[in-house]
Amino acid sequence: MRVPINWLKEYVEFDATPEELADKLTFSGLEVEQIESLGAEYVLEIEVTPNRPDCLSIIGVAREVAALYESQLKWPDADFKEGSERVEALTSVELLDPAGCPRYTARVIDDIKITDSPGWMQERLTQCGVNPINNVVDITNYVMLECGQPMHAFDKKLLRGERIIVRPAAEGEKMATLDGVDREISPDMLMIADARKPVAVAGVMGGAGSEICGDTTTVLLESAYFEPTQNRKTSKMLGLVTESSYRFERGVDIGKVEWASRRAAYLLAEHAGGTVAQGVLDVYPEEAEERRASCRFAKIRELMGVAISNRRIVEILESLELTIEEQDEDSFIVAVPSFRVDLECERDMVEEIARIEGLDKVPDDRPRAEIVPNIDDSALRAVFECRNRLVGLGLIEVMNYSLVSSEIIRKFGFDEGSIVPLLNPISASQDVLRPALLPQMIETLGRNRAHQAAEAGLFEIGRVFRMDKDGKSRESDHLAVGLMGNVGRAIIDKRREAAPEEVFLWMKGIIEKLCSSLRVSNCLSVQKERPYFRAGCAVSVEINGVECGEMGVISLELSEALRVTEPMVVLEMQVKHLLQSVYTVPQARPIPIYPSIVRDVAIVIDDAVQSEQVTELIRKNAPPELTDVNVFDIYRGKGIRDGKRSIAYSLTYQSLERTLTDAEANEFHESIVTSLLKELDAEIRDKK
Amino acid sequence: MCRNRRADRRIMDMEVRAVKTMRPSEIAELMQKALVDCAGAASAEELEAARIKYLGRKGALPAIMKGLKDLDPSERAEAGKLANEFKKAVSAAIAEGKRSSGKTAPIPGRAPSFDHTLPGLWRGLGSRHPVSQVIEESVRIFSSLGFTIADGPDVETEYYNFDALNTPADHPSRDIQDTFWLKNGSLLRTQTSPVQIRVMEKQPPPVRIVAPGRCYRRDTSDATHSANFHQIEGLYVDATVSMTDLKSDITYFAQRMIGPDVKVRFRPHFFPFTEPSVEYDFSCHACDGDGCRICKKSGWIEISGAGMVNPKVLKSVGYDPEAVSGYAFGMGIERIAMIKYGINDIRMLYENDVRFLGQFV
């Protein structure tokens, strides 16, 4: 709502600069978004919240100013000399839908001469963002801006049958609105019709067929109250929001419908040469009931937490033109004027009192700690543990949008039926909910590569969305980790290129460390084939025996598309499996008191044999004294035939009962190595 | 420094004349002297000084070796033997000296193989995303006031996001938030407030929860708006909860989150699910309220809305509005992160550039 300050001053006196006024309004609930200076005039741009349609007018704002500056509201002139002809002789109003239109008034003004409206009026309209058209249309707009009541002026000679009918649209009816659009109307919409056809969509826009034009001489002036909900529906169905519909759907002042008509007639008589017919047709079958709220002083103080006096409470409400009807020292009954459609009950009065008294009067230095017993939110806190451990492992946390492009998702080969699309996306780049974190993780790695980061170790914990068979969307929290390039290497070793296998093993190390710190067991098992993974370089991830994720090396095609030459390895898994034992408290076990003995063995095996097979065999044949097996070297090259590699293991022997002798350890080791070589058909790498 | 100079002086006292050739007896004598020096070295520095003096490149031993060829052949064999003995014995004495007194500490600037100026090699920590840091920090602060965490889905029903929050269809208050809809009639929550309803439906009062989460609005994104953003919802319902509690708890939060000097201001506003309703701003931390790019020169940054829970909302979950009252607030996490870390464009938070994120370790 745009409010020129000089116009405002016609209705209320106050002594304040535009800035001071703007501040005062903002801190009482009418937020002034900006002050525009137009020559000698300042115009306030006010954001009027949907509950305050009364402030969609200059007088409405003036009423607030009067309360804030303890001033009086001055109403403008609306008295004029009526003509001799009675309005009833000229037209009639038939109200067929009193629910949709509880009040309808019509006046007839004759002898109209269409000209431009006076300069001052045009100026004010322009300041408020309304284009001047001619004196009649400008006056209806002026009165709407002035008091908030939308009006419509018909050229009476273009109306048939000397009557106005307020009725629902008939099936299949059509009409052309003022903006020159032919519109389909439906029986849900309320129409203003003449004897033959609709001439306006009630409260939204007039029809082109009865528009004021240069040779208009007689005006039928409509001022009415249309029911907000239906009005909003109509405006939505037509996709048409006007100054008029905007006000009706929020609620105009049903008590001032007739006054507004009188005010407009006054201006038509003044500035359009009009003769106003005697009387007004005011169809108002059931007068709106006055709203009353019973309130308790103590409750108001309690809710505010402020010791405001009874006297001050009453004073504030009265300054807002509310009427205190009954009052004792505990409570009162307040009558709400018709323009305050937002006030219904005691709680609403608290807001009025708080905002006029000033929210700065409410103390802000009494924070309280209160415990609600027996509430356990540890499951929801667990994710913080997970995040902090990933940071401890050296990864940088990223956050991607939940909305992604369906085109990219399709490229990743997700099942179309499981994708959750938006009905009204803003753009094609964000038209579905993400079904997984990997596509964005890979993209993020690529984008960082484009910014000259040759390596990155990233993670994201976020929600993913899938459509189930019943068409319901299911959401769950996932973890994604992405590694690119030499991220796992020490700083002085960065030039040594990392093979995809090495990056994969860094990722494996991350998941292992994460899992052991979260007290779950993990295992990488069956190979996974995915369009985005390099064939044979991806596996599924199991936590405590349940498959809940996958990890692998990004395919060459995808890497190339992102122009990344460094190997990229990504992991994605469900978070809940990771967090199931976060709060398991580790119990102390005795540490061995007898020394351990370490023996090494390096064996040459086929590339096809996996390291884990070897360790499993070692363990299978081992005595209980074997407590640990570690790989400490892998070698290919000179001295080792092609297709083979040497893997060196260190085996730790220890007894819980006594000190092992070298001879015993050697014996254990000998026997393990012997059966290992036999079972694998392998040989020991020559020690030189 | 001081100590080194003293050590040097001691070595000087035991001056060895650099002679061109040394006879066997002289070598034996020098060896004795060297052994005494080594045994008597009081520190790693002195021991090292002795080593350099006798075994170093320009020390006594190379001089002896060099002089051997000039000796009379009759003495040369013995001198050679003694020179070897010299080397062995003095090396052993130095090693022994190191072992016995733990004098292995390297000498800064003296040992050529030790360079403490090379880059540190232990792998680094990662970093938390600023939004996730602010979420965890917020939860921690509210926990200290007795709040627990609650959660709700991102994909919501119209009922939880609007109807139960006193925002009926065909009411203009729905226009405040432009909503993303799914084809099945669900929507993406426009606020974290649906969690209020979900919690109150399950739990009788008192309720004291915070609910961090993602929200979605069909805003076109700019420096301060994003279609995807985070809020933390707060709800406190109990026998007598007042606006004083609301203002005090939010102000306490701001001071703990941003700093003791932050100012919080409350402006009356309208939300269908609170009455009275307020919007609140934090003073801009980046410019101390003087006005800068982040706060658009106003000195203040709008954080979000709050208010006293509308009795109609309490009624919709079966609470008795006469018996309990409550406050609720939403906080824009990104806005807080922007103030706290001096970030002037919300989009930076979702570009995931490691050069940006790496700053928040």
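Residues numbered from 1 in each chain as written. Chains lettered and ligands numbered in written order. Predicted model: local features only at pLDDT ≥ 70, side-chain atom pairs only at ≥ 80, totals over all residues. Heavy atoms only, no water.

Engineer: Would you take a moment to explain the overall build of chain B for this structure?
Structural biologist: A tally of helices and strands in chain B yields 13 helices and nine strands. Considering only C-alpha atoms, chain B reaches an extent of 120 × 45 × 40 Å along its principal axes. Buried residues in chain B amount to 56% of all 361 residues. The contacts of chain B with a sequence gap of at least 6 include a subset with a gap of at least 24, amounting to 69%. With the model as given, the accessible surface of chain B reaches about 16200 Å², and the carbon-plus-sulfur share is 52%. Within chain B, one finds 49 positive and 46 negative side-chain charges whose respective centroids are separated by 11 Å. (Helix = DSSP H or I, 4+ residues; strand = E, 2+ residues; numbered from the N terminus. Buried < 20%, exposed > 50% of the residue type's maximum accessible area, 1.4 Å probe, protein only. Contact = heavy atoms within 4.5 Å. Areas by Shrake-Rupley, 256 points an atom, 1.4 Å probe, with all protein chains shown as cover. Lys, Arg positive; Asp, Glu negative; His and termini not counted. Charge placed at Lys NZ, Arg CZ, Asp CG, Glu CD.)

Engineer: Help me understand the interface of chain B and chain A in this model?
Structural biologist: On the side of chain A, 93 residues touch chain B, which itself brings 93 residues to the contact. For the pairing of chain B and chain A, the buried interface totals around 7700 Å² over both sides, and the portion due to carbon and sulfur atoms is 57%. The interface formed by chain B and chain A includes seven salt bridges. A:Arg296 is paired through a salt bridge with B:Glu322; the nearest N and O atoms lie 2.9 Å apart. Across the contact surface, chain B and chain A share 49 residue pairs in polar contact (both at pLDDT 80 or more). (Buried area = accessible area lost by both parts, 1.4 Å probe. Salt bridge = Lys/Arg side-chain N within 4 Å of Asp/Glu carboxyl O. Polar contact = N/O pair within 3.5 Å; in protein donor to acceptor, adjacent residues only side chain to side chain.)

Engineer: Sorry if this is basic, but what is going on with the packing of aromatic side chains here?
Structural biologist: Aromatic rings considered in pairs are described by the distance between their centres and by the relative angle of their planes. Inspection of every chain in the model, using the stated rule, returns 22 aromatic pairs over all chains. Ring centres of B:Tyr341 and B:Phe360 lie 5.1 Å apart, and the angle between their planes is 70°; this geometry places the pair in the edge-to-face category. Taken as a pair, B:Tyr341 in helix H11 (residues 333–341) and B:Phe360 in the segment after helix H13 (354–357) lie far apart in primary sequence, 19 residues in all. Look at B:Tyr341 and you get partly exposed, because its relative accessible area is 25%. Through pairs of rings, three or more aromatic residues link up here, namely B:Phe142, B:Phe147, B:Tyr236, B:Phe253, B:Tyr327 and B:Phe329. When the ring centre of A:Tyr69 is taken as reference, the NZ or CZ atom of A:Lys24 above it lies at 5.0 Å. Here B:Arg208 stacks its cationic end above the ring of B:Tyr236, 4.4 Å away from the centre of that ring. (Phe/Tyr/Trp six-rings, centres within 6.5 Å; stacked < 30°, edge-to-face > 60°. Lys NZ or Arg CZ within 6 Å of the ring centre and 35° of its normal.)

Engineer: How do you make sense of the domain arrangement of chain B when you look at a structure like this?
Structural biologist: For interface size, the figure often reported is the accessible area lost on association. When the domains of chain B are assigned, the result is domain 1 (2–101) and domain 2 (130–360). One C-alpha centre belongs to domain 1 of chain B, the other to domain 2 of chain B, and the line joining them spans 80 Å. (Domains from an automatic or database assignment.)

Engineer: Can you help me understand the nonpolar core in this one?
Structural biologist: One broad rule of soluble globular proteins: the nonpolar side chains tend to lie buried together. Within the largest apolar cluster, 201 residues are counted, with the highest numbers of intra-cluster contacts made by A:Leu479, A:Leu578 and B:Phe282. Counting residues in each nonpolar core, the second largest holds 28 residues, with A:Phe154, A:Ile164, A:Leu220 and A:Leu281 among its members. (Core = buried A, V, L, I, M, F, W, Y, C linked by side-chain atoms within 4.5 Å.)

Engineer: Just to check I follow, could you spell out the pairing of strand E10 (residues 190–193) of chain A for this structure?
Structural biologist: Residues in a regular strand project their side chains so that they alternate between the two faces of the sheet. Residues and elements named next belong to chain A. Residues Leu 190 and Ile 192 point to one face of E10 and Met 191 and Ala 193 to the other, with burial holding for every one of them. With four bridges joining them, strand E7 (residues 164–168) and E10 adopt antiparallel strand pairing. Each bridged residue has a counterpart across the sheet, and for Ile 165 the counterpart in E10 is Ala 193. Taken together, the three bridges between E10 and strand E11 (residues 198–201) define a ladder with antiparallel strand orientation. By the bridge assignment for E11, Ile 192 is matched with Ala 200. A loop of four residues connects E10 with E11, the two strands running antiparallel in sequence. (Pairing = 2+ DSSP bridges.)

Engineer: Would you mind showing me how to read the sheet that holds E7(A) here?
Structural biologist: Hydrogen bonds along the backbone pair up the strands of a sheet, which may run parallel or antiparallel. If you walk across this open sheet you meet the five strands as E4-E7-E10-E11-E12 (chain A), and the pairing is mixed. Edge positions in the sheet fall to strand E4 (93–95) and strand E12 (205–206) of chain A, since each has one partner strand and no second.

Engineer: Sorry if this is basic, but what is going on with the pattern of salt bridges here?
Structural biologist: A side chain with one charge can pair with a side chain of the opposite charge if their charged atoms come near. All names here are of chain A. This model, assessed by the stated rule, comprises 78 salt bridges over all chains. Glu 357 is the salt-bridge partner of Arg 312, the closest N and O atoms lying 2.7 Å from each other. With Arg 312 in helix H11 (residues 310–319) and Glu 357 in helix H12 (residues 346–357), this residue pair connects regions lying 45 residues apart in the sequence. Linking Asp 377 and Arg 381 is a salt bridge whose minimum nitrogen-to-oxygen distance equals 3.0 Å. Under the relative-accessibility criterion, Asp 377 is labelled buried at 9%. Overlapping salt bridges, with partners in common, bring together Arg 52, Asp 54, Glu 64, Arg 340, Asp 342, Glu 352 and Arg 355 in one network.

Engineer: Just checking my understanding: could you explain a nonpolar patch on the surface for this structure?
Structural biologist: Judged by side-chain polarity, A:Ile491, A:Ile492 and B:Leu121 come together as a nonpolar surface patch covering roughly 300 Å² of accessible area. On the secondary structure map, A:Ile492 appears in the loop between strand E24 (473–484) and helix H16 (500–517). The class of A:Ile492 is exposed, set by a relative accessible area of 57%. (Patch = residues over 30% accessible without salt bridge, like charges linked within 9 Å, V, L, I, M, F, W, Y side chains within 5 Å.)

Engineer: How should the state of the cysteines be read in this particular structure?
Structural biologist: Each disulfide consists of one covalent bond between the sulfur atoms belonging to two cysteines. Counted according to the given criterion, the structure contains zero disulfides over all chains. The closest cysteine sulfur to the non-disulfide-bonded A:Cys147 is located on A:Cys128, 13 Å from its own sulfur. (Disulfide = S-S within 2.5 Å.)

Engineer: In this structure, what is going on with the domain arrangement of chain A? I would like to understand it.
Structural biologist: Domain assignment breaks chain A into domain 1 (2–68), domain 2 (87–283), domain 3 (291–361), domain 4 (379–578) and domain 5 (597–684). Here the C-alpha centre of domain 4 of chain A lies 61 Å away from the C-alpha centre of domain 2 of chain A.

Engineer: Even after reading the chapter, I still don't get the environment of B:Leu314, so can you show me in this structure?
Structural biologist: Here B:Leu314 lies in helix H10 (residues 311–316). Other than its neighbours up to four places away in sequence, B:Leu314 contacts B:Met200, B:Val237, B:Val309, B:Tyr319, B:Pro321, B:Val324 and B:Ser325.

Engineer: I'm lost on the environment of B:Glu302 in this one. Help?
Structural biologist: All names here are of chain B. Summarising the element assignment, Glu 302 is placed in strand E8 (residues 300–309). Between the C-alpha atoms of Glu 302 and Phe 282, which are 20 residues apart in sequence, the distance is 6.6 Å. For Glu 302, the residues in contact, after removing those within four places along its chain, are Arg 267, Glu 279, Tyr 280, Asp 281 and Arg 335.

Engineer: Please explain the sheet that holds strand E30 (residues 626–635) of chain A as it appears in this structure.
Structural biologist: Residue and element names in this part refer to chain A. Strands sit in the order E30-E31-E29-E32 across an open sheet of four strands; the sheet is antiparallel. Single-partner strands in this sheet number two, and they are E30 and strand E32 (683–684). Sheet topology places strand E29 (residues 597–606) next to strand E31 (residues 644–653); 10 bridges connect them, and they run antiparallel. Residue Arg 599 lies in a different strand from E31, and its bridge partner there is Leu 651. The strands that helix H20 (residues 662–680) touches are E29, E30, E31 and E32; relative to E29, the one it contacts most, it runs at about 10°. (Axes fitted to C-alpha atoms, helices over the stretch in contact; angles between N-to-C directions.)

Engineer: Hey, could you run me through a negative patch on the surface in this one?
Structural biologist: Residue and element names in this part refer to chain A. A cluster of acidic side chains, namely Asp 15, Glu 19, Glu 20 and Asp 23, defines a negative patch on the protein surface. Tracing the backbone shows Glu 20 in helix H2 (residues 18–26). With a relative accessible area of 46%, Glu 20 lands in the partly exposed category.

Engineer: For this particular structure, what's the right way to read empty space enclosed by the protein?
Structural biologist: With a probe scaled to a water molecule rolled over the atoms, the places where space remains empty come into view. Residue and element names in this part refer to chain A. By the definition in use, this model includes six cavities of 30 Å³ or more. If you add up the space inside the largest cavity, you get close to 200 Å³. Forming the walls of the largest cavity are 19 residues, and the residues nearest its centre are Asp 54, Ser 57, Cys 147, Gly 148 and Asp 253. Those elements that place two or more of their residues in the lining of the largest cavity are helix H3 (58–68) and helix H9 (257–271). Sorting elements by how many residues they give to the lining of the largest cavity places H3 first, with three residues. Tallied by class, the residues present in the lining of the largest cavity amount to nine nonpolar, five polar and five charged. Counting residues domain by domain, the lining of the largest cavity receives three or more from each of domain 1 (2–68) and domain 2 (87–283). Estimates place the volume of the second largest cavity at around 80 Å³. (1 Å grid on protein atoms, 1.4 Å probe; cavity = no way out; pocket = protein on both sides within 12 Å on 5 of 7 lines; lining within 4 Å. Points joined across faces, edges and corners; volume = space filled by probe spheres on them. Nonpolar A, V, L, I, M, F, W, Y, C, P; charged D, E, K, R; others polar.)

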